[in-house]
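Remarks on the overall topology
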Amino acid sequence: MTALDRDNQPLEGERLQRHIAQALALTEVPRSRDLQIAYQIIKRYFRPEVRGVERIPQRPCLFVGNHSLFALDGMVVVSVLQQQYGRFLRPLGDKFLFTHPQMEQALLARGAAMGHPEVCSALMAHGQDLLVFPGGAHEAVKPNRLRYQLQWKERFGFIRMAAQYGYTIMPFGIVGPDEFYDHLIESEALPDSLPGRLLRRVGLLTEDTRSDALPPLAIGALGTALPKPQRCFLGFGRPIDLAAYARRKPGKAQLRKIRDDVAGEIEQQLQALLLLREQQRSENSLLRRILTL
């Protein structure tokens with residue numbers, strides 16, 4: 001079984017409970033030197049610009065945004081909010097990321113945890129800031145033609161959890177990460193391509209492989225694995241307070257309305273940020289322009 005197999009359930013029973021205990025044991029922004037170095041690299045390489053941060057309330061929030069390839073958008077958002085604004089965001093990631101114990105421990109040490117209802121419930125009960133991308137792996141591996149478009153399907157779990165704990169949902173949009181890489185072969189075409197057939201031959205791609213988590217064949221700056229130094233623009237929309245639902249469950253129509261409100265705020269931010277990027281494109285250095293071709 002591989003990490004991307006449909007039946008892969010890396011955290012169950014006692015291991016899930018240990019995972020939750022370790023996640024709760026970390027109560028403040030990690031101050032490790034590698035995280036500070038990572039922030040300085042992000043700051044210089046992607047030159048993130050943040051808009052609407054004054055809209056973020058002081059109370060614990062569920063930060064919800066659009067997702068991009070290899071989850072590098074989460075790295076940018078978490079690093080900027082932790083290092084610049086002191087918000088300790090706890091990213092909730094796909095289960096396959098926690099398959100191997102060493103990777104699990106590395107992610108936990110940086111504040112991340114698995115996107116499991118019990119994990120989310122425990123962190124909310126302790127008033128933690130959480131970060132989720134409702135589109136998950138499916139949105140992260142979307143083809144280029146769908147960049148900056150939400151791929152949420154019929155997912156309402158994040159709304160139910162936020163309502164249960166009376167959380168405030170903090171919608172945001174991020175522009176830049178969807179263009180860190182060029183897609184040579186889209187994920188949907190990979191299984192029938194030459195590289196896909198080679199992956200099948202060595203057993204890395206099987207009938208049990210999750211199609212929603214299969215990434216495209218991608219290249220970055222100058223044909224390398226490094227992401228292109230696209231400038232990142234991060235914008236926060238209107239907070240959506242669900243305190244009124246803390247003692248009652250929203251119905252299906254209410255869930256859909258809340259989800260549509262959150263999506264609408266994100267899409268509004270994306271439109272504004274894409275326009276802002278075009279207005280500032282002439283400010284990019286010649287080197288950055290060449291490396292982002």
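Higher on the page you've got the structure.
Position of Asn8 among the secondary structure elements: in the segment before helix H1 (13-25). Judged by relative accessible area, Asn8 falls into the buried class, the value being 6%. At 2.9 Å, the side chain of Asn8 forms a polar contact with the backbone oxygen of Ala3.

All right, on to the pairing of strand S9 (residues 233-236) then. The two faces of a sheet get side chains in turn, since along a regular strand they alternate between them. Neither face of S9 is open: one carries Phe233 and Gly235, the other Leu234 and Phe236, and all of them are buried. Pairing of strand S6 (residues 168-175) with S9, which is carried by four bridges, proceeds in the antiparallel orientation. When the sheet's bridge partners are listed, Ile174 is paired in S9 with Leu234.

Let us look at the side chain of Arg288. For Arg288, the location among the structural elements is in helix H10 (residues 286-291). Salt bridges are absent for the buried Arg288, whose nearest opposite-charge side chain, Glu283, sits at 10.0 Å. Apart from the residues lying within four places of it in its own chain, the contact partners of Arg288 are Arg44, Tyr45, Phe46, Arg47, Pro229, Gln230 and Arg231.

Here we take up unusual backbone geometry. One non-glycine residue, Phe70, adopts positive backbone phi at about 65°. Among the secondary structure elements, Phe70 is positioned in the loop between strand S2 (61-65) and helix H3 (72-85). Judged by its relative accessible area of 42%, Phe70 falls in the partly exposed class. The phi angle at Ala71 is positive, at roughly 60°, despite the residue not being glycine. Ala71 gets classed as partly exposed once you look at its relative accessible area, which sits at 34%.

The rules behind these values
- Residues numbered from 1 in each chain as written.
- Predicted model: local features only at pLDDT ≥ 70, side-chain atom pairs only at ≥ 80, totals over all residues.
- Heavy atoms only, no water.
- Helix = DSSP H or I, 4+ residues; strand = E, 2+ residues; numbered from the N terminus.
- Buried < 20%, exposed > 50% of the residue type's maximum accessible area, 1.4 Å probe, protein only.
- Polar contact = N/O pair within 3.5 Å; in protein donor to acceptor, adjacent residues only side chain to side chain.
- Pairing = 2+ DSSP bridges.
- Lys, Arg positive; Asp, Glu negative; His and termini not counted.
- Salt bridge = Lys/Arg side-chain N within 4 Å of Asp/Glu carboxyl O.
- Contact = heavy atoms within 4.5 Å.

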